[in-house]
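# Structure assessment
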Amino acid sequence: MQTISVVDSHTGGEPTRIIVADGPPLGNGPLAERLSHFREHFDEIRAAVINEPRGSDVLVGGLLCEPHDRSCHAGILFFNNTGYLNMCGHGTIGLLVTLRWLQKITPGVWRIDTPVGVVEATLLDDHRVSLRNVPSWRYRKAVSVDVPGHGKVTGDIAWGGNWFYLVNDHGRDLRLSDWKGLTEFTLEIRAALERAGITGAGGGEIDHIELFGPGTAGHADSRNFVLCPGGAYDRSPCGTGTSAKLACLAADGKFPAGSVWRQESIVGSVFEGSWQPASETIPDAAGPVIIPTITGTAWVTGEARLILQDSDPFRTGIRAI
């Protein structure tokens, strides 16, 4: 029998489950190397923690680990129901609130090691976190794809820690009551991108689709619907997605550095985003490279010791064949 200790939280409605003890032994190498080791040798742990009957498709998991960069307080590897994430904005906000709950940190600035580089996050109080994300940038503007049953859809491709296809003109009303229809539509867009061979830089898979519309709250600049890699929609405004949005706004000259963008999610929660110019340049960037800062709130929802019994036929979760 194996046990795994976890702390659950939600950030703007999007759940995160952090493995805080009894996780797989991955060594002390760089986080990207450890992520590959996790994928190749311990994927059953990911599946057991995330999939039913212990988890769900919407859940994002994280493995808390020792950082490789010794200037960091902690390292984190994110995963979901289909695989692994380069970075997760809402998950990092949830991580800091979890560390605060465990009395491992106090309000202040903390450096977190991830597979795509070091991020800085500021714990403002027990629930509010401001995340300084990885460099973000637009790769291609106004890329069109034919979506069966919907015609031509046009969007931007941008990096915010994950690859996004961002669509403003889609003709859909972004209402929570239509989450099934919006999910089907964005799945069709993603499939059309794959068929057309449209990717991020270096052939990076575009695994997030993001639709935008007017904010429903008077204080929000826009509302979004974000399809995550596993096919579930993001209940939060999506930290990496908001970073990609800020990169596109900066590239179009529509939103100045230092101003605050209020991004509303499909469930009504809000992230605040701002950006500053990055010091580095990226040859593939169609516009400036920016450093986004995303501020959101999270709450711990539970602590548990997951039990994986050898005799359990669903010890590693229910997985589609």
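### Quick word on the overall build of the chain
On a plain count of helices and strands, the chain comes out with five helices and 16 strands. Its C-alpha radius of gyration of 19 Å places the chain within 12% of the 20 Å reference for a compact globule of 321 residues. Taken over the C-alpha atoms alone, the chain extends approximately 50 × 45 × 40 Å along its principal axes. Considering the chain as a whole, with its 321 residues, one finds that 55% of them fall into the buried category. At a minimum sequence separation of 6, the contacts of the chain that also span at least 24 residues come to 64%. Total accessible area on the chain stands at roughly 13200 Å², and carbon and sulfur atoms take up 48% of it. When the 28 positive and 36 negative side-chain charges of the chain are each reduced to one mean point, those points stand 2 Å apart.

### Concerning the environment of T281
Mapping T281 onto the fold places it in the loop between β15 (270–277) and β16 (290–308). Under the relative-accessibility criterion, T281 is labelled exposed at 72%. Taking C-alpha positions, T281 is 24 Å from W261, a pair spaced 20 residues apart along the chain.

### A word on the environment of H208
Along the chain, the position of H208 falls in strand β12 (residues 208–213). Setting aside residues no more than four positions away along its own chain, H208 makes contact with N162, W163, F164, Y165, V226, L227, C228 and P229. Side chain to side chain, H208 and D207 meet in a polar contact 2.7 Å long.

### Focus on the packing of aromatic side chains
What the rule picks out here adds up to 10 aromatic pairs. On the basis of an interplanar angle of 85 degrees and a centroid distance of 5.4 Å, the ring pair of F255 and W261 is categorised as edge-to-face. A residue is classified by how much of its surface remains accessible, and F255, at 10% relative accessible area, is buried. By relative accessible area, W261 is classed as buried at 12%. Aromatic rings pair up to connect W137, Y139, W159 and W163 into one cluster. Directly above the ring of F185 sits R172, whose terminal nitrogen or CZ lies 5.1 Å from the centroid. The aromatic ring of F212 is capped on one face by K245, whose charged end is 4.1 Å from the ring centroid.

### Some details on a nonpolar patch on the surface
On the surface, a cluster of nonpolar side chains totalling about 240 Å² of accessible area is made up of L176, W179 and V267. For V267, the location among the structural elements is in the loop between β14 (261–264) and β15.

### A short note on helix α1 (residues 31–41)
Working note: α-helix, 3.6 residues per turn, so residues spaced by three or four point in the same direction. Among all positions of α1, only L31, R34, L35 and F38 are buried. The arc enclosing the buried residues of α1, seen along the axis, measures out at 105 degrees, which places them on a common side. Of the exposed residues in α1, the ones pointing more than 90 degrees away from its buried face are E33, E40 and H41.

### What to know about unusual backbone geometry
Cis geometry is found at the peptide bond from E52 to P53, where omega equals 10 degrees. By secondary structure assignment, the location of P53 is in the loop between α2 (43–50) and β3 (60–65). At Q103, a position not held by glycine, the phi torsion is positive, near 60 degrees. Residue placement: Q103 occurs in the loop between α3 (89–101) and β6 (108–114).

### Points about the pattern of salt bridges
Enumeration according to the criterion identifies 16 salt bridges in this entry. As a salt-bridge pair, E272 and R128 come within 3.2 Å of each other at their nearest N and O atoms. Taken together, the positions of E272 in strand β15 and R128 in strand β8 (residues 128–132) put the pair 144 residues apart, joining distant regions of the chain. Note that E264 and R223 form a salt bridge whose closest N and O atoms lie 3.4 Å from each other. Taken together, the residues E264 in strand β14 and R223 in strand β13 (residues 222–227) connect sequence positions 41 residues apart. Given a relative accessible area of 1%, E264 falls into the buried group. Look at R223 and you get buried, because its relative accessible area is 9%. By sharing partners, the salt bridges in this structure join R138, K141, D156 and D252 into a single network.

Criteria and thresholds
- Residues numbered from 1 in each chain as written.
- Predicted model: local features only at pLDDT ≥ 70, side-chain atom pairs only at ≥ 80, totals over all residues.
- Heavy atoms only, no water.
- Helix = DSSP H or I, 4+ residues; strand = E, 2+ residues; numbered from the N terminus.
- Rg over C-alpha atoms; globule rule 2.2 N^0.38 Å.
- Buried < 20%, exposed > 50% of the residue type's maximum accessible area, 1.4 Å probe, protein only.
- Contact = heavy atoms within 4.5 Å.
- Areas by Shrake-Rupley, 256 points an atom, 1.4 Å probe, with all protein chains shown as cover.
- Lys, Arg positive; Asp, Glu negative; His and termini not counted.
- Charge placed at Lys NZ, Arg CZ, Asp CG, Glu CD.
- Polar contact = N/O pair within 3.5 Å; in protein donor to acceptor, adjacent residues only side chain to side chain.
- Phe/Tyr/Trp six-rings, centres within 6.5 Å; stacked < 30°, edge-to-face > 60°.
- Lys NZ or Arg CZ within 6 Å of the ring centre and 35° of its normal.
- Patch = residues over 30% accessible without salt bridge, like charges linked within 9 Å, V, L, I, M, F, W, Y side chains within 5 Å.
- Salt bridge = Lys/Arg side-chain N within 4 Å of Asp/Glu carboxyl O.
- Arc of directions from axis to C-beta.

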